[in-house]
Amino acid sequence: MVDFFQSAGSGFREAFYAVFNVLWGDFITIPLPGGGQLGISLLVMILIPSGIYFTIRSRFMPFRLFPEMIRVVTEKKTSGKYGTISGVQALIVSTATRVGMGNLVGVVAAISAGGAGAVFWMWLIALLGSSTAFVEATLAQLYKEKDPLYGGYRGGPAYYIHCLFKKKRGGKKSILACLFAVSGLVCWCGISQVIGNSVSSAFENAFQIPPLVTTVLLVALAAVIVLRKNATVRVLDIMVPVMAVFYLLITFYIILTNITTLPGVFQRIFEEAFGIRQVVSGGLGAVIMNGAKRGLFSNEAGSGSAPCAAAAADSSHPAKVGLLQALGVFIDTLVICSCTAMIMLLTPEAMTSGLEGMALLQTAMQYHMGSAGGIFIALIIWLFSFSTFIGILFYARSNIAYLFGDNWISQTLYKILALIMLFIGGLAAYSFVWDLGDFGVGLMTIFNMIALFPLAPQAMKALRDYEQQRALEKVKRKGVEN
């Protein structure tokens, strides 16, 4: 019997990693000058062309309508019905989950493997990813439905995938929609463990607090928030702006104190992004792919996570929420990830040579801020990670409802499961858990992208309608002023 279970476990892991490598491994390789090669994963093959396609179809929306994105954020908010959230609140929820460990260690890994040039490709991919984020968020608004449990609205990829195949299945649940929902729930459980481990490790390194103490306090605080009916958005409304401003202020301080070396940093980024040295040495592939992966999987564009928040927004037009979520990609990659990149690249290379991951980031912060650098990193990791945990449980609501119906039992059981995963992760590190989260994100992306292409024309139609309405409003306003 023991041999049977061992064999079954081994078979499961082999099957798991076979699919994992298809999603994240080198699906194809392209030879490069200098003897190197460019390995391209399946997800990169899907998401980059999709971003280019949606950018062209939307008539380069990220560039044309960036001022409009800012205007929508700053426009006067109207009071919504009980349980509803505004488009800006949906942006805050999605930003809470986008901004996490990937913005810290992920950017460090990209620069370590691909050099400073990876930052340029990270920026470029963010511009393309914002178009994909617009499409999926607008579709989430178009196919949202009322939420009888929490009030307001709910939706996301599971719901627009369901509607895409509804006619063929006669109203029954879509298998593809169920697969997306299950993938999301698996992914978010894995992320919960990663969050627990990241926070407990950071506090042990910075304050010598035992992991058990940190984990118990973290889980208790999380339980108080997530087990209440509608506390999530209220907490994130305060937490996300505070942590973003905190991180920006520290970064601006570091930039100002190193202002004379800043031009050299930008020169290095652009030279290494296209540099002859990287082509000759065969390293250009690493530069491009590490920047691309960081841009794609930090901002989550195309994965289908953020639409779960976008669907909950009570907005006067679906495209308005799409624009806000497109802006979220800019905030995540062009702002937060760039902050980490600047902290790294403004540190002398000699000090960080041979280091990687959290050790590299901590060394960089200690160079800029002395002993306070380790404390700063611990606090930032706590803020980023904790807000991510709260945000993913907001995402889980609609997917649990799609799979199990509208009942508090299934909602509460999943929250308890996530809290257990948070506790386990705080006490031990499992490499399999990191892979489990990536596995879930990869499958979510595949299932989501299958629906985005046939449904994208509806998002483009909504964008044209919104632009026409805005043009008419401007004409009327000028008429009144004259």
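Just above sits the structure.
These numbers were taken from a predicted model, which means no experiment stands behind them.

Caption draft 1: Local environment of the overall build of the chain. Scanning the chain from N- to C-terminus turns up 22 helices and four strands. Counting the 482 residues in the chain, one finds 56% classified as buried. Looking at the chain as shown, the accessible area adds up to about 20,400 Å², and 67% of this sits on carbon and sulfur atoms.

Caption draft 2: Quick look at the pattern of salt bridges. The final tally for this structure, using the stated rule, is seven salt bridges. Across the pair Glu 467 and Arg 64 runs a salt bridge, and its minimum N-O distance is 2.8 Å. Note that Glu 467 is positioned in helix 22 (residues 431–481) and Arg 64 in helix 3 (residues 61–64), a separation of 403 residues in sequence. Arg 154 serves as the salt-bridge partner of Asp 147, at 3.9 Å between the closest nitrogen and oxygen. Of the two residues, Asp 147 and Arg 154, neither departs from the other in class, the shared state being buried. Salt bridges sharing common partners tie together Glu 145, Asp 147, Arg 154 and Asp 406.

Caption draft 3: Local environment of unusual backbone geometry. For Arg 59, which is not glycine, the phi dihedral falls at a positive 55°. Along the chain, Arg 59 falls in the loop between helix 2 (42–57) and helix 3. In this structure, Phe 60 is a non-glycine residue whose phi angle is positive, near 55°. Examined against the element boundaries, Phe 60 turns out to sit in the loop between helix 2 and helix 3.

Caption draft 4: Main features of a nonpolar patch on the surface. Taken together, the side chains of Leu 212, Val 216, Leu 227, Ile 409, Leu 413, Ile 416, Ile 420, Phe 423, Ile 424 and Leu 427 make up a nonpolar region of the molecular surface, amounting to roughly 860 Å² of accessible area. Listed by contribution, the elements that provide at least two residues to the nonpolar patch are helix 11 (211–226) and helix 21 (408–427). At seven residues, the largest contribution of residues to the nonpolar patch is made by helix 21. Residue placement: Ile 409 occurs in helix 21.

Caption draft 5: The arrangement of the environment of Ala 158 in detail. Within the secondary structure, Ala 158 sits in helix 8 (residues 157–164). For Ala 158, a relative accessible area of 1% gives the class buried. In the structure, Ala 158 is positioned 290 residues away from Asn 448 in sequence and 8.3 Å away in space, judged by C-alpha atoms. Excluding anything up to four places from it in sequence, Ala 158 contacts Ala 177, Phe 180, Asn 399 and Tyr 402.

Caption draft 6: A look at the packing of aromatic side chains. Applying the stated criterion to the full structure yields 14 aromatic pairs. Ring centres of Trp 123 and Phe 270 lie 6.5 Å apart, and the angle between their planes is 55°; on these two criteria the pair is classed as tilted. Of the two residues, Trp 123 sits in helix 7 (residues 117–142) while Phe 270 sits in helix 13 (residues 262–274), which places them 147 residues apart along the sequence. For Trp 123, a relative accessible area of 16% translates into the label buried.

Caption draft 7: The packing of helix 10 (residues 175–207) against helix 21, seen in detail. Packing of helix 10 against helix 21 brings their axes to within 6 Å, and their N-to-C directions diverge by 35°. Considering how the two elements wind past one another, helix 10 and helix 21 form a crossing that is right-handed. Between helix 10, through Leu 185, Trp 188, Cys 189, Ser 192, Gln 193, Ile 195, Gly 196, Asn 197 and Ser 200, and helix 21, the contact on the second element is made entirely by Tyr 414, Leu 417, Ala 418, Met 421, Leu 422, Ile 424, Gly 425 and Gly 426. Of the residues belonging to the contact of helix 10 with helix 21, the class tally is ten nonpolar, seven polar and no charged.

Caption draft 8: Representation of the side chain of Asn 448 within the structure. For Asn 448, the position within the fold is in helix 22. Those residues in contact with Asn 448, other than ones at most four positions away along the chain, are Glu 136, Pro 157, Tyr 160, Ile 161, Phe 180, Gly 302, Ser 303 and Gly 304.

Caption draft 9: Spatial organisation of the environment of Cys 163. Inspection of the secondary structure puts Cys 163 in helix 8. Given a relative accessible area of 27%, Cys 163 falls into the partly exposed group. Residues Cys 163 and Lys 173 lie ten residues apart in sequence; the distance between their C-alpha atoms is 9.5 Å.

Caption draft 10: View of helix 21. An ideal rise of 1.5 Å per residue puts 28 Å on 20 residues; helix 21 measures up with 29 Å between its terminal C-alpha atoms. Among the residues of helix 21, Ser 410, Gln 411, Tyr 414, Lys 415, Ala 418, Leu 419, Met 421, Leu 422, Gly 425 and Gly 426 are the ones counted as buried. Packing partners of the buried residues in helix 21 comprise helix 10, helix 11 and helix 20 (372–404). With a side-chain oxygen positioned 3.4 Å from the backbone nitrogen of Ile 409, the residue opening helix 21 is Asn 407.

Caption draft 11: Summary view of the nonpolar core. Ranked by size, the top nonpolar core spans 133 residues in total, and within it Val 135, Tyr 160, Trp 188, Ile 269 and Phe 389 carry the most contacts. Sort the elements by how many residues they give to this core and helix 20 lands first, with 19 residues. Contact partners of Ile 269, with chain neighbours within four places excluded, come to Ala 116, Gly 117, Val 119, Phe 120, Trp 123, Met 342 and Leu 345.

Caption draft 12: Structural view of the environment of Phe 389. The topology assignment puts Phe 389 in helix 20. Residue Phe 389 is classed as buried on the basis of its relative accessible area, which comes to 1%. In this structure the C-alpha to C-alpha distance between Phe 389 and Gly 196, which are 193 residues apart in sequence, comes to 9.3 Å. Ignoring any residue separated from it by four or fewer positions in sequence, one finds Phe 389 in contact with Ser 192, Ile 195, Ala 222, Val 226, Ala 418, Leu 419 and Leu 422.

What counts as what
Residues numbered from 1 in each chain as written. Predicted model: local features only at pLDDT ≥ 70, side-chain atom pairs only at ≥ 80, totals over all residues. Heavy atoms only, no water. Helix = DSSP H or I, 4+ residues; strand = E, 2+ residues; numbered from the N terminus. Buried < 20%, exposed > 50% of the residue type's maximum accessible area, 1.4 Å probe, protein only. Areas by Shrake-Rupley, 256 points an atom, 1.4 Å probe, with all protein chains shown as cover. Salt bridge = Lys/Arg side-chain N within 4 Å of Asp/Glu carboxyl O. Patch = residues over 30% accessible without salt bridge, like charges linked within 9 Å, V, L, I, M, F, W, Y side chains within 5 Å. Contact = heavy atoms within 4.5 Å. Phe/Tyr/Trp six-rings, centres within 6.5 Å; stacked < 30°, edge-to-face > 60°. Axes fitted to C-alpha atoms, helices over the stretch in contact; angles between N-to-C directions. Left-handed = near helix turned anticlockwise from the far one by under 90°. Nonpolar A, V, L, I, M, F, W, Y, C, P; charged D, E, K, R; others polar. Expected span 1.5 Å × (residues − 1). Polar contact = N/O pair within 3.5 Å; in protein donor to acceptor, adjacent residues only side chain to side chain. Core = buried A, V, L, I, M, F, W, Y, C linked by side-chain atoms within 4.5 Å.

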